[in-house]
Amino acid sequence: MIEWIGLPAIVIAFVSFLGAFVLVLATPSGEPRRPRIAKVLLSVILFIYVMASVSLFVSEFDLEQGLGESGEAIVNSLEDHIETLFPLLAVGAVFAAYSAQQMEDVRRAQGALARSHSLMMDIVDSTPAGVLFIGDTGRIVVANESAKRALGLAEDAETAEIRGGTWVAEGAPDDRPGDLTGLLGNEPYDGRALLVRWPDGRWIELMAAGRPLLDAKGALGGVVVSFERPVIHRAD
Amino acid sequence: MDTPELLRLMLVALVLWPYIYVVRRLRPAPGMRFLHASFFVLCSSYLLNVLEDLVMKDLMVTLLLVSFGVAGVLALTGVLLMRRDARSERSEP
């Protein structure tokens, strides 16, 4: 039974493992699906199985004698090494594959998150109402296009920091320009009025709705504020 | 059963567990699934290798050789599928 089932099986094993080993070596590494470490481990393990097929073929079909003493010793030592290395390499290959899958999942999740973020920002930017995120210090962290136009803000291309607020809003500590502390609060609100004045005398009244963002301990992290397009009043 | 054989069986169990875990938990891509299946068969062949010394030597050796053949075909199929997936991913705009 060994001869007519085992012999073709071990020849198929040798050819298949050798083919797989050559294909893995011929495939460029660095692809997201197969990082370099996974490629090395896979190559090593496939190579070991090429050698294991040869070793099994030689030992099970009693060909050691034909190899001479040194050949038999090589086959025997190869078998020992295979048995010792096999579990470690197999575990390594599994966890390399596991890590590769995890990285792939993270990459996919990041892509989905970026697309979702981009879509949300497009929606927020296209709305005629002004939308702001005000940090807990009263500084504007995020502003949509309408808010930037209404308040004369600009976004730094490199740091994405919002700049350009020369106006002073009601409630700003020490009349600090560009500060919207007056819109902070731990409770949601609608229709809160806030006067904003420019140094040249122009002013607007923001009718704002705000939703506070609280952290796990209940501390204020900032407020998301939206306001309708304001009318600019001249000094005279 | 002497100590080295017991140790080998324990190692097989240690290796088989992550395969089952990884394949069930991660639902890998088809190519990777074939490779997992290949190594899973190889782990089982390791078990046959241990049993070969204990019972029905001829049958165990035949099964061992057949399992090697099956594992080889699975590994080759897995690698070919992974290459095909990688190629189709690269060709995507």
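Residues numbered from 1 in each chain as written. Chains lettered and ligands numbered in written order. Predicted model: local features only at pLDDT ≥ 70, side-chain atom pairs only at ≥ 80, totals over all residues. Heavy atoms only, no water.

Visitor: I'm lost on the overall build of chain A in this one. Help?
Guide: Helices and strands together make up the secondary structure of chain A, namely four helices and eight strands. Ordering the α and β elements of chain A from the N terminus gives α-α-α-β-β-α-β-β-β-β-β-β. Within chain A, buried positions represent 37% of all 236 residues. The contacts in chain A between residues at least 6 apart in sequence include a share of 47% that link residues at least 24 apart. Total accessible area on chain A is roughly 13,100 Å²; 61% of this is exposed by carbon and sulfur atoms. (Helix = DSSP H or I, 4+ residues; strand = E, 2+ residues; numbered from the N terminus. Buried < 20%, exposed > 50% of the residue type's maximum accessible area, 1.4 Å probe, protein only. Contact = heavy atoms within 4.5 Å. Areas by Shrake-Rupley, 256 points an atom, 1.4 Å probe, with all protein chains shown as cover.)

Visitor: Help me understand the pairing of strand 1 (residues 130–135) of chain A in this model?
Guide: Looking along a regular strand, one sees the side chains alternate between the two faces of the sheet. Residue and element names in this part refer to chain A. As judged from the six bridges shared by strand 1 and strand 8 (residues 220–227), these two strands associate in the antiparallel manner. Paired with Gly-130 across the two strands is Phe-227, which belongs to strand 8. Pairing geometry for strand 1 and strand 2 (residues 140–143), over three bridges, is antiparallel. Counterpart to Ile-134 in the pairing with strand 2 is Ile-140. Hairpin geometry of strand 1 and strand 2 is characterised by an intervening segment of four residues between the two adjacent antiparallel strands and by a positive phi of about 95° at Gly-138. (Pairing = 2+ DSSP bridges.)

Visitor: What's the story with the side chain of B:Asp85 in this structure? I'm lost.
Guide: All names here are of chain B. Within the element layout of this structure, Asp-85 appears in helix 3 (residues 57–91). Judged by its relative accessible area of 13%, Asp-85 falls in the buried class. Discounting chain neighbours no more than four positions away, the residues touching Asp-85 are Ala-29, Pro-30 and Gly-31.

Visitor: Would you mind showing me how to read the nonpolar core here?
Guide: Across soluble globular proteins, nonpolar side chains have a tendency to be buried as a group. Among the nonpolar cores identified, the biggest contains 31 residues, and A:Phe17, A:Leu46, B:Leu35 and B:Phe68 are the most heavily contacted of them. Sorting the residues of this core by element identifies helix 1 (2–26) and helix 2 (36–60) of chain A together with helix 2 (30–52) and helix 3 of chain B as the ones contributing at least two each. For this core, the leading source of residues is helix 3 of chain B, giving 10 residues. Sequence-distant contacts of A:Leu46, defined by excluding residues within four places in its chain, comprise A:Phe17, A:Ala20, A:Phe21, A:Val24, B:Ala75 and B:Val79. Counting residues in each nonpolar core, the second largest holds 24 residues, with A:Ile140, A:Ala150, A:Leu180 and A:Val223 among its members. (Core = buried A, V, L, I, M, F, W, Y, C linked by side-chain atoms within 4.5 Å.)

Visitor: When you look at unusual backbone geometry in this model, what are you seeing that I'm missing?
Guide: What you tend to see is this: most non-glycine residues have negative phi, and most peptide bonds are trans. Residues and elements named next belong to chain A. In this structure, Asp-174 takes a positive phi of about 55° despite not being glycine. Residue Asp-174 is classed as exposed on the basis of its relative accessible area, which comes to 80%. Notably, Asp-175 is not glycine yet its phi reads approximately 50°, a positive angle. Inspection of the secondary structure puts Asp-175 in the loop between strand 5 (168–169) and strand 6 (189–197). Its relative accessible area of 56% is what places Asp-175 among the exposed residues.

Visitor: What's the story with the sheet that holds strand 6 of chain A in this structure? I'm lost.
Guide: Think of a sheet as strands paired side by side through backbone hydrogen bonds, with each pair either parallel or antiparallel. Residue and element names in this part refer to chain A. Pairing is antiparallel across the open sheet formed by six strands, whose spatial order is 2-1-8-7-6-5. The open sheet has two free edges, formed respectively by strand 2 and strand 5, since each of these has just one partner strand. When strand 7 (residues 203–214) meets strand 8, the two strands line up antiparallel, connected through seven bridges. When the sheet's bridge partners are listed, Gly-210 is paired in strand 8 with Val-225.

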